[in-house]
Amino acid sequence: MPDVEGFDEFYRGSRQRLLGFVYVLTGDLTEAQDAVQEAYIRAWQRWSTVSGYDDPEAWVRVVASRIAVSRWRSLRSRARAYLRHGATESVPAPSTDTVAVVAALRRLPEEQRIAIALYYLVGMPVVDVARETNAPVGTVKARLSRGRVALAGLLAVVDLKEAVDA
């Protein structure tokens, strides 16, 4: 059983120093936080060994800096590949119909939106949607039915506004 209290004390006593160090190393607070978090996870996994070191903070500092450098190298490699191979094909913008449907979906209650997305977009059968959402099959059918009616009304309102504006 790991020494939970010892690790907690170590973490509280060293986290700010370590985050400051990695932040200076990376220049990016989010990257620094991610690297430090990963280093502490690795320290926790090996705490029975790391806690016996003369300076456990030095071990975590080295691990965090290696993680940060590794991420930096990965980003640099991706940037080089981008320069070498050029930009990827641009993705066309969504159609106005797609934007209207997404806007209408956002206005539905969450349960209806999830049921519609799983059934129509993912292609799951009603039984699987029920299992995924922990709802009875009848409830899923009702959510789908009410969602379709609500969507039809919302999309018809959008069409009427477009006709009036034209």
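As a starting point, this report considers the structure included with it. (Residues numbered from 1 in each chain as written. Predicted model: local features only at pLDDT ≥ 70, side-chain atom pairs only at ≥ 80, totals over all residues. Heavy atoms only, no water.)

Quick look at the overall build of the protein
Put simply, the rule reads: In DSSP terms, a helix is any run of H or I states spanning at least four residues, a strand is any run of E spanning at least two, and both are numbered starting from the N terminus. The size measure is the radius of gyration over C-alpha atoms, and the globule rule it meets is 2.2 Å times the number of residues to the 0.38 power. Working definition: with a 1.4 Å probe on protein chains only, accessible area under 20% of the residue-type maximum means buried, over 50% means exposed, and in between means partly exposed. Only heavy atoms enter the contact rule, under which two residues are in contact if any of them lie within 4.5 Å. What sets the accessible areas is the Shrake-Rupley method with a 1.4 Å probe; for residues, cover comes only from the shown protein chains. When charges are counted, Lys and Arg are positive and Asp and Glu negative, with His and the chain ends excluded. Throughout, a charge is located at the NZ atom of Lys, the CZ atom of Arg, the CG atom of Asp or the CD atom of Glu.
Counting its regular elements, the protein contains eight helices and zero strands. If you list the helices and strands of the protein from N to C, you get α-α-α-α-α-α-α-α. Over its C-alpha atoms the protein spans a radius of gyration of 26 Å, topping by over 25% the 15 Å that the globule rule assigns to 166 residues. Along the first, second and third principal axes, the C-alpha set of the protein runs to 75 × 45 × 25 Å. The burial tally for the protein puts 25% of its 166 residues in the buried class. Of the contacts formed within the protein by residues at least 6 apart in sequence, a portion of 56% connects residues at least 24 apart. With the model as given, the accessible surface of the protein reaches about 11,800 Å², and the carbon-plus-sulfur share is 55%. Put simply, the protein has 22 plus and 20 minus side-chain charges, and the middle of one group is 4 Å from the middle of the other.

Focus on the side chain of Gln 112
Within the element layout of this structure, Gln 112 appears in helix α6 (residues 110-122). Note on Gln 112: relative accessible area 12%, which makes it buried. Residues in contact with Gln 112, not counting those within four places in the same chain, are Arg 143, Arg 146, Gly 147 and Ala 150.

A short note on the packing of aromatic side chains
Put simply, the rule reads: Stacked, tilted and edge-to-face are the three classes applied to pairs of Phe, Tyr and Trp rings, where Trp contributes its six-membered ring and a pair requires centres within 6.5 Å; stacked means planes under 30 degrees apart, edge-to-face means over 60, and tilted covers the rest.
Counted according to the given criterion, the structure contains eight aromatic pairs. When the ring of Tyr 11 is compared with that of Tyr 40, the centres are 4.8 Å apart and the planes differ by 80 degrees; the resulting orientation is edge-to-face. Here Tyr 40 lies in helix α2 (residues 29-45) and Tyr 11 lies in helix α1 (residues 4-26), a separation of 29 residues in the sequence. Judged by relative accessible area, which is 33%, Tyr 11 ranks as partly exposed. Here a set of aromatic residues connected by ring pairs shows up, and it is made of Phe 7, Phe 10, Tyr 11, Tyr 40, Trp 44 and Trp 47.

Quick look at the pattern of salt bridges
What counts, and what does not: Should a side-chain nitrogen of Lys or Arg be within 4 Å of a carboxyl oxygen of Asp or Glu, the pair is scored as a salt bridge.
Under the criterion given, the structure shown has six salt bridges. Here Glu 31 ties to Arg 71 by a salt bridge, and the two come within 3.9 Å at their closest N and O atoms. A residue pair is termed long-range when its members are at least 10 positions apart, and Glu 31 in helix α2 and Arg 71 in helix α4 (residues 56-85) qualify at 40 residues. The partner of Glu 57 in a salt bridge is Arg 61, with the nearest N and O atoms 3.7 Å apart. With Glu 57 and Arg 61 both in helix α4 and four residues apart, the pair spans about one turn of that helix.

Side note on the environment of Arg 73
Following the sequence through the fold, Arg 73 ends up in helix α4. We classify Arg 73 as partly exposed; its relative accessible area is 48%. Residues Arg 73 and Leu 154 lie 81 residues apart in sequence; the distance between their C-alpha atoms is 48 Å.

Topic: unusual backbone geometry
Of note in this structure, Asn 134 is not a glycine but carries a positive phi near 55 degrees. Relative to the helices and strands, Asn 134 is located in the loop between α7 (126-133) and α8 (137-165). Take Asn 134: its relative accessible area is 73%, and that puts it in the exposed class.

What to know about the nonpolar core
Quick note on the threshold: Working definition of a nonpolar core: buried Ala, Val, Leu, Ile, Met, Phe, Trp, Tyr and Cys residues. They are joined through side-chain atoms within 4.5 Å.
With 18 residues, the main nonpolar core has Val 22, Val 36, Tyr 40 and Val 60 as its most contacted residues. Put simply, the parts of the chain that give this core at least two residues each are α1, α2, α3 (47-50) and α4. No other element matches α2, which puts six residues into this core. If you look at the next biggest cluster of nonpolar residues, it comprises 15 residues, including Leu 118, Met 124, Val 126 and Val 140.

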